[in-house]
Amino acid sequence: MSYDQVTVPDKGSKITLADPKTGELDVPDTPIIPIIHGDGIGTDVGPAAQQVLDAAAEATGRSVAWMRLYAGSSARETYGENLPDDTVNAIREHRAAIKGPLTTPVGSGFRSLNVALRQKLDLYANVRPTYYLDGVPSPVKNPEEMNMVTFRENTEDVYAGIEWEAGTDGVEEVKSFIEDDMGYNEMLHDGPIGIGIKPITEFGTKRLVRQAIDYALANDRDTVTLVHKGNIMKFTEGAFRDWGYELVEEEYDDVAITEDELWEEYDGEAPDDMLVVNDRIADNMLQQLLTRTDEYEVIATMNLNGDYMSDAAGAQIGGLGIAPGANFGDGLCLAEPVHGSAPKYAGEDKVNPTAMILSGRLLFEYLGWDDAGALVRDAVEDAIASGEVTYDLHRQIEGGTKLSTSEFADAIVERIHDLA
């Protein structure tokens, strides 16, 4: 495929899908991997992550052929639009990519580019591991108890973008339908109103929960927790819960049991070879993350719940500056940090690039480069534990050495060479 404004690297080869049924990849030793540095501080954390990932790849006998793509402000400069077809098509064709943060206006302007990418590429599982790195300041007493992976449905819920602005003909049509045709004529207040639709489907639910269960089984996790607000939103979030349990019965009855079965058949003691699937109400779950942190290992939830919950979990292990993430579809991965673009710090070479670097670790693991991914994590942790940190962590600890973004990347690369 040719691209209007994208230069395809001279070296390297495309990652291909070896088995469409299993999603198994055929990964060359020098894959072409698209990268979007992103808006705001993306200009700082993007190159830093590239440098670290290059070092880890080379230390394990591989290399990466980076392919620069554009979205957000860089795309407006190059293409005159926020999300060009070149970017979407290149990620789809090359199957694995990484991006920095992209800015989304509040209230007006263009819709979220992050959401648009997920929807256009059908990256239906937003996966956010939350684990503690030694030396990171935390607001809780025992941050090391947090070791959880959140699977957040990426394409439905209120993020689907089905909404109408107050004062438009569209919102008046929807309001009239709700009141006159559906009989909810005393539910809406008078005056300007904005209306949104919250779609939750059986299809979207089951493929997300399937990803969570498969991950738990492959990584020796003991529980998967379905998080929902089904006591109030019975036909959307309640349906998510029911469809999740239905999937367990349909596809995993030989390797997984529900919490009800755990107590009815096993007196609360799960067999060693059985995964337990349970559920929690979303607001209670936010409390449980603090009070019973170590009881939760894999979370499967809807889009909005997952956004709130993974950010709250990230705060317990030191904040979003170190929180990685990745979006997965069938045979596709787009890794990205959880944090925003923080434009006021752009170009100052001061922010923490850890989140994007550790998102690269997820990308490497998707490629089957677990050894390179482990090097990245260990080198990052060693640098932080030694007190060599960026300003955000340095101001919270005694002693230590304050490093710029680029200096922190250099420190990690040095440790990769020592550990390899």
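One numbering rule holds for all chains: residues counted from 1, following each sequence as written. Reporting in this predicted model follows two pLDDT cut-offs: at least 70 for local features of residues, and 80 or more for side-chain atom pairs to be given and counted; totals over whole chains, interfaces and linings ignore these cut-offs and use all residues. The basis for every side-chain value is the complete set of non-hydrogen atoms in the structure, without hydrogens or water.

- The chain has the name Isocitrate dehydrogenase (NADP(+)) in an unreviewed UniProt entry, where Halobellus salinus is given as its organism.
- Under the heading Sequence similarities (unreviewed entry), UniProt records this for the chain: "Belongs to the isocitrate and isopropylmalate dehydrogenases family." UniProt positions are given in the numbering used here, feature names are shortened, and annotations may be inferred rather than shown by experiment.

1. Some words on the pattern of salt bridges
Part 1: By convention in these notes, a salt bridge is any Lys or Arg side-chain nitrogen within 4 Å of a carboxyl oxygen on Asp or Glu. For the coordinates displayed, the defined rule picks out 24 salt bridges.
Part 2: The closest approach of N and O atoms between Lys99 and Glu336, which form a salt bridge, is 2.8 Å. Remark: Glu336 occurs in the loop between strand 15 (332-335) and helix 11 (354-367) and Lys99 occurs in strand 5 (residues 96-99); sequence separation between them is 237 residues. Accessibility assignment for this pair places Lys99 and Glu336 in one class, buried.
Part 3: A salt bridge links Glu251 to Arg210; the nearest nitrogen and oxygen atoms lie 2.8 Å apart. A residue pair is termed long-range when its members are at least 10 positions apart, and Glu251 in helix 7 (residues 237-251) and Arg210 in helix 6 (residues 202-218) qualify at 41 residues.
Part 4: Residues joined in a network through salt bridges with shared partners are Arg128, Arg152, Asp307 and Asp311. In this text, helices come from DSSP runs of H or I with a minimum length of four residues, and strands from runs of E with a minimum of two, each type numbered from the N-terminal end. Only protein chains enter the accessibility calculation, which uses a 1.4 Å probe; a residue whose area is less than 20% of its type maximum is buried, one above 50% is exposed, and one in between is partly exposed.

2. Considerations on the packing of aromatic side chains
Part 1: Here a pair means two rings of Phe, Tyr or Trp (six-membered ring of Trp) with centres within 6.5 Å. Their orientation is stacked below 30 degrees between planes, edge-to-face above 60, and tilted elsewhere. A full pass over the atoms with the stated rule returns 4 aromatic pairs.
Part 2: Seen in terms of ring centroids, Phe151 and Tyr215 are 5.5 Å apart; in terms of plane orientation they differ by 55°. Their pairing is tilted. Remark: Tyr215 occurs in helix 6 and Phe151 occurs in strand 7 (residues 147-153); sequence separation between them is 64 residues.
Part 3: Ring centres of Phe328 and Tyr366 lie 5.6 Å apart, and the angle between their planes is 55°; this geometry places the pair in the tilted category. Linking Phe328 in strand 14 (residues 326-329) with Tyr366 in helix 11, this pair joins segments that are 38 residues apart in sequence. In this structure, Phe328 and Tyr366 share a single accessibility class: buried.
Part 4: Two conditions define a charge located above a ring, namely a distance within 6 Å from the ring centre to NZ of Lys or CZ of Arg, and an angle within 35 degrees of the ring normal. When the ring centre of Tyr159 is taken as reference, the NZ or CZ atom of Arg152 above it lies at 5.0 Å.
Part 5: A cation sits over an aromatic face here: Lys350 above Tyr391, 4.3 Å from the ring centre.

3. Focus on the UniProt feature "binding site: D-threo-isocitrate" (unreviewed entry) in the chain
Part 1: If you check UniProt for "binding site: D-threo-isocitrate" (unreviewed entry), the listed places come out as Ser112, Asn114, Arg118, Arg128 and Arg152 in our numbering.
Part 2: With respect to the secondary-structure elements, Asn114 resides in helix 4 (residues 113-120).
Part 3: Here, two residues are considered to be in contact whenever any of their heavy atoms come within 4.5 Å of each other. Those residues in contact with Asn114 that lie beyond four places of it in its chain are Lys99, Leu102 and Glu336.
Part 4: Within the fold, Arg152 resides in strand 7.
Part 5: The residues touching Arg152, leaving out its near neighbours within four places in the chain, are Arg118, Tyr124, Ala125, Asn126, Arg128, Tyr159, Leu208, Thr301, Met302, Asn303, Gly306 and Asp307.

4. Side note on the domain arrangement of the chain
Part 1: Note that the domain bounds reflect an automated or database-derived domain assignment. Each domain of the chain was delimited in the assignment, giving domain 1 (1-137 + 318-419) and domain 2 (158-162 + 197-317).
Part 2: Between the C-alpha centres of domain 1 and domain 2 there is a distance of 27 Å.
Part 3: With 18 residues of domain 1 at the contact, the number on the domain 2 side is 15 residues.
Part 4: The buried area of a pairing is the accessible area, by a 1.4 Å probe, that goes missing from both parts when the two are put together, added over both. Summing both sides of the interface, domain 1 and domain 2 together bury roughly 1300 Å²; the carbon and sulfur share of this comes to 53%.
Part 5: When the buried surface of domain 1 facing domain 2 is broken down by residue, Tyr124, Arg128 and Thr130 rank first, second and third, together holding 37% of it.
Part 6: Inspection of the region where domain 1 meets domain 2 yields 3 salt bridges.
Part 7: Between Asp122 and Arg207 there is a salt bridge whose closest N-O contact spans 2.8 Å.
Part 8: If you list the elements that add at least two residues to the side of domain 1 that touches domain 2, you get helix 4, strand 6 (125-131) and strand 14.
Part 9: With 4 residues, the single largest contributor to the side of domain 1 that touches domain 2 is strand 6.
Part 10: Along the lines of polarity and charge, the residues of the side of domain 1 that touches domain 2 split into 10 nonpolar, 5 polar and 3 charged. Three classes are used: nonpolar for Ala, Val, Leu, Ile, Met, Phe, Trp, Tyr, Cys and Pro, charged for Asp, Glu, Lys and Arg, and polar for all others, with Gly counted as polar.

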